[in-house]
Amino acid sequence: MANVILITGKLHPEAIEAFQKDSSLELIYKPDCKFDQFKTDLARAQVLVTRSETAIDRHLIDHAPELKIVARAAVGVGNIDLDYATEKGILVMNTPGKNTNSAAELTLGLILGMLRHIPESHNHMKQGGWDRHRFTGRELRGKKVGIVGLGNVGHRVAKFCRGFDAEVFAYDPYISPAVFQKNSVEQVKNLQELARRVDILTVHVPKNKETTGMVDGEVLGALGPEGYFVNAARGGVADEQELLKAIQEGVIAGAALDTFDNEPDPLGELVRHEKVWVSPHIGASTLEAQLAIGKTVVEQVKKALEGAVVDYHVNLPDIGVIDSPVIKSYSTLAEKLGSMVGQIIDFNPSHVRFKYRGDIAEMDNSLIKLSFMKGYASQVVDGFVSFVNASNEFDKLGIQCDEDADPDFSSYRSALKVQITGTGNQSLTIGGVVFENRHLRLTLVDDFYFEVEPRGHMILVENEDKPGVIGDIGHRLAGANINISSFNLARNTQGGKAMALLGIDSSLSLPQLKDIKAIKYVTKVKAIRL
Ligand SMILES: NC(=O)C1=CN([C@@H]2O[C@H](COP(=O)(O)OP(=O)(O)OC[C@H]3O[C@@H](n4cnc5c(N)ncnc54)[C@H](O)[C@@H]3O)[C@@H](O)[C@H]2O)C=CC1
Ligand SMILES: O=C(O)C(=O)COP(=O)(O)O
């Protein structure tokens, strides 16, 4: 069945066309609509693509029971309830870097427009005026520009300002001094100090708890009556009431704003003030940026739907070495092992130990571990489990994990073994290997050794090692008209215990399962679907 993709923000036509052409998707394109206008579609959507108009809050997520992927067709994810999306296993991704230049150029446009009164002179002339002396402005050359947040947009703004022969200073506590040096920017250790030293203060930080209201009355006071403030990042980074007051009282000379607290209905007094130059959040609105964003969204959504790890994920745990075919194949195996454990385990696990052997012991195994968690939690947790929430679900189940690695292992090139223990002496061990990065094999269940492909419908039967049991199993399956596709048998000691792993062509009903359990000497039967 086709996945429903709902797009609630304006996307580049090439991206829309690419989604339309994809027969595995049902596209619903409702740009710039209010929640009520897309609510019904949302209830069916697996994928939601948005721009800043759509707040992905708890309310929206609660109306999206099928939602697996949110693609923010831009950078800022401040309008997304990431914690709740993560709890629900919804993958959130964005498109960093794709609108960087667009936002940086607009920032320069705002600065120059403000310093040279370009919008007012334009309006004046459109109204028939020719007063050349009314619009005498200031040059950017030789001014001191203070950048808050020297990330993608920040450092490009720095570069452009240097091109205008401005002096550039920046405050960003999260990057190394080397980045300041590389961008020929003088590092300033706090925001107040930066505001005090510069003529133009421009913010390029994400909006979060730490940055909301970071530009307050005191910072604006430090900027001073000759100083200008610029915000093409996020409304609310500057406290808008304090900003308005500072402008009204001449505490600063003016402000240029592309982003506002309450879009699309910003504070009217602020927008209308003659010392405030505004644009309606158009930082990313260039054909070039939208094309790059559109292409990225199409690629990323495709990858995510294929189950591949996407490049620009926002709420996945840190996963290393995702390009390694070895790690990828062992992750597929680990997910199957986790799923199998979830289906056969008879106790509540409290501890899981991952044992990496051979080549994989020297690699970053975070994806393998996460895959096992996903496989296991998908079986035991009510609700959707993905790479996004698998680790959280494991925590909620109260399962501790640790790892041990032995690169000198010699039996196979690589091998994965997982030991699960519960309270008391309960334990279950499962292991597997992958040949040529493609052939997955389950090699171990407790002390029984196999070489079984873990796929499709399977039955695990444990019994006392007595004659006749295998015949009985075959007989009862034949009676139920269930075809056996593979039969693998192992025993620990002669006359001890035996375990059979059978591949079957169709699923087993509960009465059929009970019927096999009733066979003499059979101690355990589990139906498995991988
Ligand atoms: N107006 C528009 O249409 C657009 C707005 N944006 C917004 O611009 C902002 C910057 O975007 P990017 O440069 O792409 O993001 P980025 O993630 O590359 O850079 C953000 C920088 O802010 C720094 N930072 C974080 N917290 C800070 C704090 N408390 N104090 C100082 N620095 C801090 C980070 O270390 C990082 O270097 C974001 O809010 C983004 O949403 C981006 C593109 C278009
Ligand atoms: O990238 C960002 O953070 C932006 O602000 C751009 O947002 P938009 O997609 O234009 O609504």
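Residues numbered from 1 in each chain as written. Chains lettered and ligands numbered in written order. Predicted model: local features only at pLDDT ≥ 70, side-chain atom pairs only at ≥ 80, totals over all residues. Heavy atoms only, no water.

- The protein chain appears in an unreviewed UniProt entry as D-3-phosphoglycerate dehydrogenase from Pseudobacteriovorax antillogorgiicola.
- Its UniProt record gives the protein chain a comment under Pathway (unreviewed entry), which states: "Amino-acid biosynthesis; L-serine biosynthesis; L-serine from 3-phospho-D-glycerate: step 1/3."
- Checking UniProt for the protein chain, the heading Function (unreviewed entry) contains the comment "Catalyzes the reversible oxidation of 3-phospho-D-glycerate to 3-phosphonooxypyruvate, the first step of the phosphorylated L-serine biosynthesis pathway. Also catalyzes the reversible oxidation of 2-hydroxyglutarate to 2-oxoglutarate." (UniProt positions renumbered as here; feature names shortened; annotations may be inferred.)

Quick word on the UniProt feature "domain: ACT" (unreviewed entry) in the protein chain
Okay, step 1: As annotated in UniProt, the feature "domain: ACT" (unreviewed entry) corresponds to residues 458-530 in the numbering used here.
Okay, step 2: With 26% helix and 42% strand, the stretch residues 458-530 has end C-alpha atoms that lie 8 Å from each other. (Helix = DSSP H or I, 4+ residues; strand = E, 2+ residues; numbered from the N terminus.)

Re the packing of helix α1 (residues 13-21) against helix α13 (residues 287-305)
Okay, step 1: The interhelical angle for the contact between α1 and α13, taken along N-to-C directions, is 20°, at an axis separation of 8 Å. In this view, α1 runs roughly parallel relative to α13, as classed from their interaxial angle. Mapping the contact onto sequence places E14, A15, A18 and F19 in α1 and L291, G294, K295, V297, V298 and V301 in α13.
Okay, step 2: Looking at the contact of α1 with α13 residue by residue, the classes come out as seven nonpolar, one polar and two charged. (Axes fitted to C-alpha atoms, helices over the stretch in contact; angles between N-to-C directions. Parallel < 35°, antiparallel > 145°, perpendicular 65-115°, else oblique. Contact = heavy atoms within 4.5 Å. Nonpolar A, V, L, I, M, F, W, Y, C, P; charged D, E, K, R; others polar.)

Structural notes on the site of ligand 1
Okay, step 1: The environment of ligand 1 is formed by 27 residues, the closest being V153, D172, V205, E210 and D258.
Okay, step 2: G151 is positioned such that a nitrogen or oxygen atom in its backbone is 3.3 Å from an oxygen atom of ligand 1.
Okay, step 3: A distance of 3.3 Å separates an oxygen atom of ligand 1 from a polar side-chain atom of H281.
Okay, step 4: Summarising the interface, the protein chains cover 89% of the accessible area of ligand 1, which totals 860 Å² for the free molecule.
Okay, step 5: Across the shell around ligand 1, the residue classes break down as 13 nonpolar, ten polar and four charged. (Near = heavy atom within 4 Å. Polar contact = N/O pair within 3.5 Å; in protein donor to acceptor, adjacent residues only side chain to side chain. Areas by Shrake-Rupley, 256 points an atom, 1.4 Å probe, with all protein chains shown as cover.)

Digging into the sheet that holds strand β15 (residues 414-422)
Okay, step 1: Across the sheet, six strands lie side by side as β14-β13-β15-β16-β17-β18; this open sheet has mixed pairing. Where the open sheet ends on each side, the last strands, each with one partner, are β14 (400-406) and β18 (448-452). On average, each strand axis in the sheet is tilted by 20° relative to the strand beside it, whichever way the strands run.
Okay, step 2: Two strands pair when backbone bridges link them, and strand β16 (residues 427-435) and strand β17 (residues 439-445) are joined in this way by six bridges, in the antiparallel orientation. Bridge assignment links G432 to a residue of β17, and that residue is L442. (Pairing = 2+ DSSP bridges.)

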